[in-house]
Every structure is written in structure tokens, then in C-alpha cells.
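Each chain is listed here by its residues.
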Amino acid sequence: MTYKISNCTYKNGRGTKENSSNWTCVFDEENNLYYGETFLGNADGMFYTLYEINKEIFDSVGTFSNDDYKSQNLIKTGKLLYSLEDTNFGTPNHVEEVGDTNYKQIHDKYFKHTVK
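Cut-off values and rules
- Residues numbered from 1 in each chain as written.
- Predicted model: local features only at pLDDT ≥ 70, side-chain atom pairs only at ≥ 80, totals over all residues.
- Heavy atoms only, no water.
- Helix = DSSP H or I, 4+ residues; strand = E, 2+ residues; numbered from the N terminus.
- Contact = heavy atoms within 4.5 Å.
- Polar contact = N/O pair within 3.5 Å; in protein donor to acceptor, adjacent residues only side chain to side chain.
- Phe/Tyr/Trp six-rings, centres within 6.5 Å; stacked < 30°, edge-to-face > 60°.
- Buried < 20%, exposed > 50% of the residue type's maximum accessible area, 1.4 Å probe, protein only.
- Arc of directions from axis to C-beta.
- Core = buried A, V, L, I, M, F, W, Y, C linked by side-chain atoms within 4.5 Å.
- pLDDT = per-residue confidence, 0-100.

Engineer: Tell me about the environment of Ser-60, and please be specific about residues and values.
Structural biologist: Residue position: Ser-60 is located in helix H1 (residues 55–60). Residues Ser-60 and Leu-74, 14 residues apart in the sequence, show an inter-C-alpha distance of 8.3 Å. Aside from chain neighbours lying at most four places away, what touches Ser-60 is Lys-11 and Leu-74. Of note is the side chain of Ser-60, whose polar atom sits 2.9 Å from the backbone oxygen of Glu-56.

Shown next as C-alpha cells:
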């Protein structure tokens, strides 16, 4: 699905396999910036990633037939800004990786409305 909010164009999709992620990408037309996020929540835990992507990735996501992993894998070729894994394998495990200290501002500006 593609939609527009203010000066930003969004694309999002939903994985249909047990371990495929939901994803959202944004193109900020005013600042010429591209970002993508993936999110998966299941019995194993919660997994979230935020990436800086490029125009080619943005243009390609959501165009594949049988798109259970293709768009999410393409997003993951971008520059990692933040990842969070909160797993339930026996003892709860919380692992964060920060690739850009501005990740929270990026998330809040572009993706806060997409929180499931």
C-alpha cells in the first residue's frame, strides 16, 4: 500500500509467512531522505529494525509477487540505524544495536504513526 502524509510518501507491506516481517518505507521529498523499518512480533519475541535506504530500494519494495521476504530483505541491505530484539527463549533477552544516535528522532518523525 502506498500513501502520502504531508511531504512524505510511504509504502508498507505485511509478511504472510510465520517469520516474515511487516515493513514500512518512507521517502521525505523535501529533504530527499529514504528510510525503512521492519517489525516482527511472534511467540519467539519482538524484532524491530530501522534502516537508511536509497531510492532504488524504495522504488523496489512492494513490487514483488509472492513478497513474503523479498521486500524485508531488500530493506535490510540499507544502512542499519537501530535494531531491537526482545526474545523469549527461556530467559528473556533484550538486545539493542545503535548505528545512529539520531535513530529515535528519525523514528518519531517518520514512523511513530505506524506503531502497531
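Engineer: Any chance you could break down the packing of aromatic side chains for me, citing the residues and the numbers?
Structural biologist: What the rule picks out here adds up to seven aromatic pairs. Relative to Tyr-82, the ring of Tyr-48 has its centre 6.3 Å away and its plane inclined at 50 degrees; by these criteria the two rings are tilted. Placement of Tyr-48 in strand S5 (residues 45–52) and of Tyr-82 in strand S6 (residues 79–87) is noted, with a sequence separation of 34 residues between them. Residue classification places Tyr-48 among the buried positions, given a relative accessible area of 12%. With a centroid separation of 4.0 Å and 10 degrees between ring planes, the pair formed by Tyr-82 and Tyr-103 is classed as stacked. Of this pair, Tyr-82 sits in strand S6 while Tyr-103 is found in helix H3 (residues 103–110), placing the two residues 21 residues apart along the sequence. Clustering of aromatic rings is evident, with ring pairs tying together Phe-27, Tyr-34 and Phe-58.

Engineer: Explain H3 to me, using residue names and the numbers behind them.
Structural biologist: Three- or four-residue spacings in an α-helix give side chains the same orientation, since the helix completes a turn every 3.6 residues. Here H3 has its buried residues at Ile-106, His-107 and Tyr-110. Along H3, the residues classed as buried sweep out an arc of 95 degrees about the axis, all on the same side. Away from its buried face by more than 90 degrees, H3 exposes Gln-105 and Lys-109. Where H3 is buried, its residues meet strand S2 (8–13), strand S3 (22–28), strand S4 (33–42), S5 and S6.

Engineer: Explain the nonpolar core to me, using residue names and the numbers behind them.
Structural biologist: Counting residues in each nonpolar core, the largest one holds twelve residues, listed as Cys-8, Tyr-10, Val-26, Tyr-35, Tyr-48, Leu-50, Leu-81, Tyr-82, Leu-84, Ile-106, Tyr-110 and Phe-111. Here this core takes three residues from S6, the largest share from any one element. When near neighbours in sequence (up to four residues on either side) are disregarded, Val-26 contacts Cys-8, Thr-9, Tyr-10, Leu-33, Tyr-34, Tyr-35, Phe-58, Tyr-110 and Phe-111. If you look at the next biggest cluster of nonpolar residues, it comprises ten residues, including Trp-23, Tyr-51, Ile-57 and Val-61.

Engineer: Lay out the confidence of the model for the chain in plain terms, naming residues and giving numbers.
Structural biologist: The predicted model of the chain has a mean per-residue pLDDT of 85, with 87% of residues at 70 or higher. At the low end of the mean pLDDT range in the chain sits strand S7 (residues 93–98), at 78; at the high end sits H1, at 97.

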